[in-house]
Amino acid sequence: MLSVVLSGLRARWASFLGGFLALALGVGLLTTMGLGLSATFHAPERSPERFASSPVVVQGQDRLTLDVRRGPNTVPVSQRLDRPQPVDKELLRELRTRWPLTEAGGPDAVGLDAPADEVRALVGDRAQVLTGDARRNADPDPERDAQALVGLNALLGTTGGVTAFVSVFVVASTFAFAVALRRREFGLLRTAGATPGQVRRMLLAEATALGVLASAAGCALGAAGAPLLARALVDGGLAPEWFAVGDAVWPFHLAFWTGLTVALAGAVAASRRAGKVGPTAALREADVDTDVLPLGRALLGAGLLLTGLGLLVWTCATEPSELLKRKTYTTLPMLLIGGVALLSPLLVRPVARLLRLRGAVGTLVRENSAASVRRTAAVAAPVLVTVALAGTLFGSAASVTQTRGVEAREQTTAQYVVSGGDLKPVAAAALPAGAVASPTASTSLFVRDGAEAVVKYGARAVADPAAFAELARLPVVAGDLRDLDDRSIVVNEEFERHRIGETVEIWRADGSGPVRLRVVAVLALGTGDNGPYVTRANAPGAPLDRIEASGGAATARALEASGGTVRTAAAWAAADHPASSPQTRLGMILVLGIALVYTVIGLANTLLMATSVRGGELASLRLAGATRAQILRVVTGEAVLATAIGTLLGLAVTAAVLGTLGAGLASLSAPVALVLPWAVVGAAAAVCATVAVASSALPAWRLTR
């Protein structure tokens, strides 16, 4: 058996080359992403900066701690404040009488050279006492390194998931199609006395040998590629300057065994079908495919398709805001893509028959594509994956961003918006007659969600409620914005208590509270930026960062005294919600690039194998009077038709995902601004068509010499 396997691998190395490259590339990318992920789990240990010369630091409380219910008991839950509280003045006085203090950059912390135990005994629970590496918590934005890795972790995780998904699909398809092409060979083996079990074991042995070699090569490729990925992420602004891959071992184990498992999993289904081939298959000459969709594949495809559609509809009906999150519009479409790809043999023949291609060449293209369902589906499926990923990923991200920009513009009647940090209020006397200015600040509110959780909401603090009510055009579903004052709050429908007149208990951004505020208006949830709103009395220390104003050019000149950037409302909305940031675009391109590389490998391998075994068919066409040019047009036309079918199926998946996203936005009372990335989808389809034409034309040209 081993000699037969090795002889087969040597004799058919070209047939196995595509699967080897796809598997080696997949393992290499998994290794690279795993090494990158391992580096995102822990931020580097930085030395204290602000109080580097002080062995002890006394800092105000920087967390709000509340008791919540967990089963029959209560446990404390902490939420980080926007900024640490100032150190109590009485405590400062006591500290100063005993030790010299070092003050640096604000009232929230002081440094001192004193025994830590004595300081803790004096401070008690009135503040925090930091020593050693914990003194970093007094530095500006102490969690900036960890926060910088959150988005990178999500990107690498998403890319690794796409890599695993596409590699499994391409490798499984490659094995299945290769087995279909070797049907007569298996018939000869059965005629020579081979049992079905021996045929299956031969294929599994080939897959094992291929998997071990490709996985080992992939691990070496990943080890070399990880530093290059880290450098590209840093250069592209996706990772901080200090980011570098480590020396973790688990990514190599994970990638190697995943690659071997993928190879074996792709061969299992194919080996079962190969074991069912009878001796009479050696005499089979018909090129019309039968039994192209086994029961197992049909059930799996239907299950994935129904699960994907069901989850989309369920999410849209119950939690439509989840559709706006990258994790959702990245993972759910994969179920649809996998389901449609598995069921593609059912769709290829009717779609091909519907086409009305003219002339003898067109008729041959249509009939050959409809008859050779396996070949057509094997070409269309990877195209479907690429086009659908391009449409759903780029389309969903662009639609969400554009919707938020449209929503921001529609929520104000102001002609100008000033943005910046710590703006200066513009005096009413400085504005032209009839002009209105509404300054607001960004703040946070902490609210109990039932008895089991504490939720931190991003909120806006209104300086002038009357001006705010005049300029705001928020999606109010109940109440009146004009009733907002220091003892009330405007909430959205996400709040547990969101009826007019109900009381909401909140803690302010500095941890002070609780404060009970009366609900005076309720907003639709929208894309997530609708409220809550309070007055500045409930946002102590929050600096102004936005001023909305009505009026003409004289108003714009008056707003320049605030020290911020003055823009028209439309320009502000476009700048605050750009179509896509360079970092997001680079991340999407990375994901799509992986899918496109796999598609190229899958297309080239499938068409090279498929066309190379059509010598007899092409010779018959020459004997029937077809010219060499006509045969090349037939072969390349079939490749283009299969690519077009894959593109149409990918667009159908994209339409389903974007349509559900639009329905979710409508249910959130947000503007529906869907974007179909025609340029990206068209470029992906064009690359697929180019590779398909070249991979079919070259062997056809050689066979018709």
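Everything here concerns the structure above.
Now for a look at the structure at hand.

Thresholds applied
Residues numbered from 1 in each chain as written. Predicted model: local features only at pLDDT ≥ 70, side-chain atom pairs only at ≥ 80, totals over all residues. Heavy atoms only, no water. Helix = DSSP H or I, 4+ residues; strand = E, 2+ residues; numbered from the N terminus. Buried < 20%, exposed > 50% of the residue type's maximum accessible area, 1.4 Å probe, protein only. Contact = heavy atoms within 4.5 Å. Pairing = 2+ DSSP bridges. Axes fitted to C-alpha atoms, helices over the stretch in contact; angles between N-to-C directions. Arc of directions from axis to C-beta. 1 Å grid on protein atoms, 1.4 Å probe; cavity = no way out; pocket = protein on both sides within 12 Å on 5 of 7 lines; lining within 4 Å. Points joined across faces, edges and corners; volume = space filled by probe spheres on them. Nonpolar A, V, L, I, M, F, W, Y, C, P; charged D, E, K, R; others polar. Parallel < 35°, antiparallel > 145°, perpendicular 65-115°, else oblique.

**Observations concerning the environment of Val-110**
Within the element layout of this structure, Val-110 appears in strand β5 (residues 109-112). On the accessibility criterion, Val-110 (3% relative accessible area) is buried. For Val-110, the contacting residues outside a window of four places in its chain are Phe-51, Val-56, Val-57, Val-58, Leu-92, Leu-95, Thr-102 and Glu-103.

**Comments concerning the sheet that holds strand β4 (residues 101-103)**
Sheets are built from strands that pair by backbone hydrogen bonding, the pairs being arranged parallel or antiparallel. Read from one edge to the other, the open sheet built from four strands follows the order β4-β5-β1-β6, with strand pairing classed as antiparallel. If you trace the sheet from one side to the other, it starts and ends with β4 and β6 (128-131), each paired once. Adjacent strand axes in the sheet meet at a mean angle of 30 degrees, parallel and antiparallel pairs treated alike. Bridge count for β4 against β5 is three bridges, and the pairing is antiparallel. Looking at β5, one finds that Thr-102 is bridged to Gly-111. On top of the sheet, helix α3 (residues 89-98) reaches β1 (56-59), β4 and β5; it is set at about 130 degrees to β4, its chief contact. Sheet strands in contact with helix α4 (residues 116-123) are β1, β5 and β6, and its direction is about 170 degrees off that of β6.

**Quick word on α4**
Since one α-helical turn is 3.6 residues long, residues separated by three or four positions face the same way. Those residues of α4 lying buried are Ala-116, Val-119, Leu-122 and Val-123. Along the long axis of α4, the arc covered by the buried residues comes to 125 degrees, so they all point the same way. Facing away from the buried side of α4 by over 90 degrees, the exposed positions are Asp-117 and Ala-121. Two residues or fewer past α4, Gly-124 is found with a positive phi of approximately 65 degrees.

**A look at the pairing of β1**
Going residue by residue along β1, you find Val-56 and Val-58 tucked away on one face and Val-57 and Gln-59 tucked away on the opposite face as well. In terms of strand pairing, β1 meets β6 through four bridges, oriented antiparallel. Looking across to β6, one finds that Val-56 is bridged to Thr-131. Of the strand pairs in this sheet, β1 and β5 are connected by four bridges, and their pairing is antiparallel.

**Here's the deal with empty space enclosed by the protein**
For the structure shown, the criterion picks out four cavities of 30 Å³ or more. In this model, the largest cavity occupies a volume close to 90 Å³. Looking at the lining of the largest cavity, the elements with two or more residues in it are α13 (373-410), α17 (582-612) and α19 (628-667). Ranked by residues supplied to the lining of the largest cavity, first place goes to α19 with four residues. Across the lining of the largest cavity, the residue classes break down as five nonpolar, four polar and three charged.

**What to know about the packing of helix α10 (residues 326-342) against helix α11 (residues 344-354)**
Close contact between α10 and α11 brings their axes to 5 Å; oriented N to C, the two are set at 60 degrees. In terms of orientation, α10 lies oblique with respect to α11. Mapping the contact onto sequence places Val-340, Ala-341 and Leu-342 in α10 and Ser-344, Pro-345 and Leu-347 in α11.

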